Every structure is written in C-alpha cells, then in structure tokens.
Amino acid sequence: MNIQSNLEHIKAELPDNVTLVAVSKTKPNEDIMEAYNAGQRIFGENKVQEMTDKYEALPKDIAWHMIGHVQSNKIKYMAPFVSLIHGVDRMKLLKEINKQGEKNDRVINCLLQIKIAEEDSKFGMTADKAEEILNSDALANYKFVNITGVMGMATFTDDETQIRKEFSYLKTTFDKLKNYKSFNVNLETISMGMSGDYKIAIDSGSNMVRIGSSIFGKRD
Ligand SMILES: *Cc1c(COP(=O)(O)O)cnc(C)c1O
C-alpha cells in the first residue's frame, strides 16, 4: 500500500468543490502521518476514544471529523477539538453538543444524518424529521451549534441504480432543506460517498467524500 500515491490518485479525480475526508479509523498514526506529509489535513474517525488519542498524538493543524454513530455521553471528550460531526441523527444530541460547545466556548459544526438506505442497519433521520429540527424553537437557542449540511450512507450493494437513487434522494433533500437559514443553520455540505461509491456520489451532487480503504488499504 502506497498511501501517498493512493491519495494523489484520488485527489486528481475529485472536482475542486469536493472536500476529501481521509477515513483513518483503525489505522496507526504512522499511516496518518504519511497522508499528512502528502498534504492531507482532514481525517475521519468513527470512535471518539480513538479520535481523541490520535488528536493528542498528531499535529494540531489536522481537522478531525467524527463520522461514526455518536453517543451523547461521549460528546464531551471531542468537544474541545472536533471540526465536524457528521452523524447527528437526533435532537437530543444537538442539545448535548450545544452544552459541551458552551463549556469549551466554541461553536461545533454538525451535519444531520439522513437515512437514505433501505437497509435497517443504517442510522439517520427522515427528511421530515430534519425539517422539523431546523424549524424548532429549541434549535434557535443552541448558540454553540452550527448545522452546516447533511450526511448519508447508501445501501451496501453492487446495484448502481439503487445507489444512485439513494444519493439523488439526499441531494433533493439537501436542496429542499437549504431554504432554511439562520445564524446556526448554514447548509453547504452534502457528505456522501465512500471508497466503493464516491464517483456515483459526486455525479449525484456530493461535495464531501469520506474515503478510507482506497487510501489506507483494507481494514482488519
Ligand atoms: C468507514 C467509513 C467510511 C469509509 O469507508 P471506506 O469504504 O473504507 O472508504 C465512510 N463513512 C463512514 C460513515 C464510515 O464509517
């Protein structure tokens, strides 16, 4: 595995408006440093403890994205440094993110995770629920939260038609939600696409892809 050449290969394929999150979960710090030395600064992790350990050990100009399912009792550990939380799938989390943001005196960027896959195993809220949250009086009080977009994961399948359908549903949802705008709702990001489906995701309007194994190799 040559991390640097994998990264360069992928970056060359991404349009300028698409942000690359290098998903480094389960990978050692040496691998992350190889990507870092090749210019990568945004890394994605799915476990709070692992992300916090890496944050402490690695250069401080890395932007850490939490891409996994978030438990509210873990938010306090990442609140001092997390750059973007992708997996906000319920109102209760926003309340806790706001509380921990306030304690650390920093506004925490969040994406609302929308369920687009048919699989039951995937997390996320409905588009209606997202709309309800953006409209809610409670959100208007969360000064330490900034909702910057949406995130979704397609069904794990070889059926490209199915994947396209799910991604275009997320794009349509994003376009609809984008009408909501306030001091803490600024929807700009559509986080969709992983190693197996990022080209389809970009075709479907993604502007943030989360790529792990195509950069760092397979995980155990
Ligand atoms: C692991 C993970 C990825 C990256 O998956 P790859 O197939 O290795 O690119 C992207 N998004 C989420 C939410 C993940 O958990």
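The paragraphs below set out a description of the structure included in this document. (Residues numbered from 1 in each chain as written. Predicted model: local features only at pLDDT ≥ 70, side-chain atom pairs only at ≥ 80, totals over all residues. Heavy atoms only, no water.)

### Some points on the overall build of the protein
Just so we agree on the cut-off: A helix here means a DSSP run of H or I that spans at least four residues, while a strand means a run of E at least two residues long, and both kinds are numbered starting from the N terminus. The rule is simple: take the accessible area with a 1.4 Å probe, protein chains only, and divide by the maximum for that residue type; under 20% is buried, over 50% is exposed, in between is partly exposed. For this analysis, residues touch if any pair of their heavy atoms sits within 4.5 Å. Surface accessibility follows the Shrake-Rupley procedure with a 1.4 Å probe radius. Residue values consider only the protein chains on display as shielding. Counting rule for charge: Lys and Arg are taken as positive, Asp and Glu as negative, and neither His nor the chain ends is counted. Working definition for charges: the position is that of NZ of Lys, CZ of Arg, CG of Asp or CD of Glu.
Looking only at helices and strands, the protein features 10 helices and eight strands. Structurally, the protein occupies a C-alpha span of about 50 × 40 × 30 Å along its principal axes. For the protein, buried positions account for 51% of its 220 residues. Pairs at least 24 residues apart make up 60% of the contacts formed inside the protein by residues separated by at least 6 positions. Working note: accessible area of the protein is about 10600 Å², and carbon and sulfur atoms make up 47% of it. Both charge centroids of the protein, one from 29 positive and one from 31 negative side chains, sit 4 Å from each other.

### Notes on the environment of Lys 74
Note that Lys 74 resides in the loop between strand E3 (63-66) and helix H4 (75-78). When the C-alpha atoms of Lys 74 and Met 194 are compared, they prove to be 25 Å apart, with 120 residues separating the residues in sequence.

### A few points about the side chain of Ser 204
The criterion, for reference: Within 3.5 Å is the distance limit for a polar contact, defined as a pair of N or O atoms, with the added protein rule that one can donate a hydrogen and the other accept it, and that residues adjacent in sequence qualify only through two side-chain atoms.
Mapped onto the fold, Ser 204 is located in the loop between helix H9 (198-203) and strand E8 (208-211). A polar contact is formed between the side chain of Ser 204 and the backbone oxygen of Ile 200, at a distance of 2.7 Å. Setting aside anything within four residues of it in sequence, one finds Ser 204 in contact with Arg 164, Phe 167, Ser 168, Lys 171 and Met 192.

### Some details on unusual backbone geometry
One non-glycine residue, Thr 26, adopts positive backbone phi at about 70°. Mapped onto the elements, Thr 26 comes out in the loop between strand E1 (19-23) and helix H2 (29-37). You can call Thr 26 exposed: its relative accessible area is 52%. For Asp 105, which is not glycine, the phi dihedral falls at a positive 50°. Relative to the elements of secondary structure, Asp 105 occurs in the loop between helix H5 (91-103) and strand E5 (108-113).

### Points about the site of the ligand
Defined as follows: Only heavy atoms are used to decide nearness, and a residue is near a molecule or strand if one of them lies within 4 Å of it.
Surrounding the ligand, one finds Val 23, Lys 25, Ile 67, Met 151, Met 153, Met 194, Ser 195, Arg 210, Ile 211, Gly 212, Ser 213 and Arg 219. Within the backbone of Gly 212, an N or O atom sits 2.8 Å from an oxygen atom of the ligand. For the ligand, whose free accessible area comes to 390 Å², the fraction covered by protein is 90%.

### Topic: the layout of surface pockets
Test applied: In this analysis, the protein atoms alone were mapped onto a 1 Å grid. Cavities are point sets where a 1.4 Å probe fits without being able to get out; pockets are open sets with protein on both sides within 12 Å along at least five of seven lines; lining residues have an atom within 4 Å of a point. Grid points are joined across faces, edges and corners, and a volume is the space filled by probe spheres set on the points.
Estimates place the volume of the largest pocket at around 910 Å³. Surrounding the largest pocket, 35 residues form its lining, Lys 25, Lys 122, Met 153, Met 194 and Arg 219 being those nearest its centre. For the lining of the largest pocket, the secondary structure elements donating two or more residues are H9 and E8. Tallying contributions element by element places H9 first for the lining of the largest pocket, with three residues.

### Quick word on helix H3 (residues 48-57)
An α-helix turns once per 3.6 residues; consequently, residues spaced three or four apart project the same way. Put simply, the test is: As used here, the arc belongs to the directions running from the helix axis to the C-beta atoms.
All buried positions along H3 are accounted for by Val 48, Met 51, Thr 52 and Lys 54. The buried residues of H3 all sit within an arc of 165° when viewed along its axis, so they share a single face. Exposed residues on H3 whose side chains face more than 90 degrees from its buried face are Gln 49, Glu 56 and Ala 57. Elements in contact with the buried residues of H3: H2, strand E2 (42-45), E3 and H4.

### Side note on the pattern of salt bridges
Where side chains of opposite charge bring their charged atoms close, a pairing between them can arise. Here is the rule: Any Lys or Arg side-chain nitrogen located within 4 Å of an Asp or Glu carboxyl oxygen qualifies as a salt bridge.
Evaluation of the coordinates by the stated rule reveals 10 salt bridges. Residue Glu 160 pairs with Arg 164 through a salt bridge whose shortest N-O separation is 3.1 Å. Of this pair, Glu 160 and Arg 164 both sit in helix H8 (residues 160-177), separated by four residues, roughly a single helical turn. Here Arg 164 falls in the partly exposed class, since its relative accessible area comes to 33%.

### Overview of the environment of Ser 83
Mapped onto the elements, Ser 83 comes out in the loop between H4 and strand E4 (84-88). Along the sequence, Ser 83 and Ala 63 sit 20 residues apart, while their C-alpha atoms lie 5.5 Å from each other. Residues contacting Ser 83, with those up to four places away along its chain left out, are Ala 63, Trp 64, His 65 and Asn 109.

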